[in-house]
Amino acid sequence: MAKTAIIEEPGGPEKFRIVDREVGEPGPGEIRIRHEACGLNFIDVYQRTGLYPLEMPQALGMEAAGVVEAVGEGVTHLKVGDRAAYASAPPGAYTQARVMKAAQVCPLPDGISFEEGAAMMLKGLTVQYLFRRTTPIAKGDTVLFHAAAGGVGLIACQWAKSEGIRLIGTAGTDEKCQLALEHGADACINYRTEDWAAKVQELTGGKGVDVVMDAVGADTFDGSLNSLKPLGMMISFGNASGPVPPFNLGILGPKGSLKITRPTLFTHIADHATCQQMAAELFDKVTSGAVKIRIDQRFPLEDVAEAHRALEARQTTGQTVLLP
Ligand code: NDP
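Treat the numbers as computed from the prediction; the structure is a model and nothing was measured.

Rules behind the numbers
Residues numbered from 1 in each chain as written. Predicted model: local features only at pLDDT ≥ 70, side-chain atom pairs only at ≥ 80, totals over all residues. Heavy atoms only, no water. Phe/Tyr/Trp six-rings, centres within 6.5 Å; stacked < 30°, edge-to-face > 60°. Lys NZ or Arg CZ within 6 Å of the ring centre and 35° of its normal. Domains from an automatic or database assignment. Contact = heavy atoms within 4.5 Å. Buried area = accessible area lost by both parts, 1.4 Å probe. Salt bridge = Lys/Arg side-chain N within 4 Å of Asp/Glu carboxyl O. Polar contact = N/O pair within 3.5 Å; in protein donor to acceptor, adjacent residues only side chain to side chain. Helix = DSSP H or I, 4+ residues; strand = E, 2+ residues; numbered from the N terminus. Pairing = 2+ DSSP bridges. Buried < 20%, exposed > 50% of the residue type's maximum accessible area, 1.4 Å probe, protein only. Near = heavy atom within 4 Å. Areas by Shrake-Rupley, 256 points an atom, 1.4 Å probe, with all protein chains shown as cover. Nonpolar A, V, L, I, M, F, W, Y, C, P; charged D, E, K, R; others polar. Right-handed = clockwise from strand over helix to strand, strands pointing away.

**As for the packing of aromatic side chains**
On inspection of all chains with the given rule, the structure shows five aromatic pairs. An aromatic cluster of at least three residues, connected via ring pairs, comprises Phe42, Tyr46 and Tyr52. Sitting above the plane of the Phe114 ring, Arg83 keeps its charged end 4.5 Å from the centroid.

Pasting the structure below:
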């Protein structure tokens, strides 16, 4: 049996219930994993509220780390007793143990703790695909990254620094801006108190940035487009402030032949070999010390509702883990 956080219908954090669930045995291509820590992600909020609809009842959670307890037929990259971590769909990671497809589960290097593993897979693999697999970004290029002190954000700041990429961050308080700067952002703008789009122009000598990575969505979309250089790339990868409303594609031409994409991690990690290769690069960044996984919030699994409230209220920084 495994204690599991489920919802029976979409809604607020009060919808969570902790239930005991049968775990079962892995079938072909599956493993059973006992979690030591589970990661909290903003996508869990979208799923809980129904913005990203799911079948109900539903266990949420899309990343975790733990120990492999049983291995189904055909699984060759993991064995019983291995330390492992994953980002994976469908959800179900808010639990003590589960049976799941093995393809996206990665052996976890000894130098990375379970908490770090649980906190870094979804957010770290996202940073990997943003910087490596979405548009060419060269040393010296400038990236504008919104919510730079958040989970994905602090990893992005460090990744950019380690690659010689100039990252201009934004964040909701001066303290969060300070945190982004300490993690490698070249500049950080408090977008709740400053005219951040004007400030981006000032910081780039009126040229604009090469790439925008925007997961804030509705509140920042227009300013993000206006911050790009001609031929710049807008990566719209989330909606923390609400979904981007429909817009007229025609505006991209006069703004300088801009490019735009709306990616999701799960396309990038769908292929087993690609997922493992992306994880290997992420693990190298962490074990080399280039990227540190900063866990600022820990909650017992039973307090998952409180964790969701904190994330939605913009009270968190860096990573958050749930301890089962
Ligand atoms: P964060 O830890 O970054 O938390 C979200 C942050 O967004 C908040 O802390 C807050 O920072 C900022 N924010 C701005 N406006 C709002 C608002 N109205 N309500 C709440 N928060 C707001 O979360 P994650 O690191 O888990 O994820 C960051 C973003 O990246 C999310 O939008 C997520 O969906 C997206 N994402 C997308 C993926 C993809 O493949 N498409 C994969 C992974 C994440 P501040 O106070 O500084 O404004």
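Here the narrative resumes.
**Some remarks on the domain arrangement of the protein**
You can read the domains of the protein as domain 1 (2–122 + 266–323) and domain 2 (135–262). Placing a centre on the C-alpha atoms of domain 1 and another on those of domain 2 gives a separation of 27 Å. Opposite the 18 residues of domain 1 that make contact, domain 2 presents 20 residues. In total, domain 1 and domain 2 occlude about 1,500 Å² of area from one another, counting both sides; carbon and sulfur atoms represent 54% of this. Considering only the side of domain 1, the residues that lose the most area to domain 2 are Lys285, Arg294 and Arg314, jointly responsible for 33% of the buried surface there. Where domain 1 touches domain 2, the interface holds one salt bridge. In this structure, Lys285 engages Glu163 in a salt bridge whose closest nitrogen and oxygen atoms are separated by 2.4 Å. Where domain 1 meets domain 2, there are eleven residue pairs in polar contact (both at pLDDT 80 or more). Sorting elements by how many residues they give to the side of domain 1 that touches domain 2 places helix H8 (residues 272–287) first, with three residues.

**A look at the sheet that holds strand E1 (residues 2–7)**
In spatial order, the strands read E2-E1-E4; together these three strands make up an open sheet with antiparallel pairing. Strand pairing shows two members of the sheet lacking a second neighbour, strand E2 (17–21) and strand E4 (58–59), which therefore form its edges.

**Some remarks on unusual backbone geometry**
Residue Met56 is joined to Pro57 through a cis peptide bond whose omega torsion reads -10°. Along the chain, Pro57 turns up in the loop between helix H1 (42–49) and E4. Non-glycine residue Ala147 carries a positive phi angle of around 55°. Structurally, Ala147 is set in the loop between strand E9 (142–145) and helix H3 (151–162). Phi is positive for Leu231, close to 70°, though the residue is something other than glycine. Tracing the backbone shows Leu231 in strand E13 (residues 228–236). Of the residues examined, Leu231 reaches a relative accessible area of 57% and is grouped as exposed.

**Quick look at the site of the ligand**
Taken together, the neighbourhood of the ligand is formed by 28 residues, with Tyr46, Lys176, Tyr191, Leu265 and Arg314 sitting nearest. Within the side chain of Tyr46, an N or O atom sits 2.8 Å from an oxygen atom of the ligand. Between the ligand and Gly151, the relevant distance is 2.9 Å, taken from an oxygen atom to a main-chain nitrogen or oxygen of the residue. Look at the ligand: alone it shows 900 Å² of surface, and the protein chains cover 91% of it. Residue assignment for the shell around the ligand shows that the elements contributing at least two residues are H1, helix H2 (114–132), H3 and helix H9 (304–312). Residue contributions to the shell around the ligand peak at three residues, all from H2. Here the shell around the ligand is composed, by residue class, of 15 nonpolar, nine polar and four charged. When residues of the shell around the ligand are assigned to domains, at least three fall in each of domain 1 (2–122 + 266–323) and domain 2 (135–262).

**Let's talk about the pairing of E13**
Direction of pairing for strand E12 (residues 209–214) relative to E13: parallel, over a ladder of five bridges. Looking at E13, one finds that Val212 is bridged to Met234. In this fold, E12 hands off to helix H6 (residues 221–226), which returns the chain to E13; that crossover is right-handed. Of the pairings in the sheet, the one linking E13 to strand E14 (residues 259–261) comprises three bridges and is parallel in character. Within the sheet, the bridge partner assigned to Met234 lies in E14 and is Ile260.

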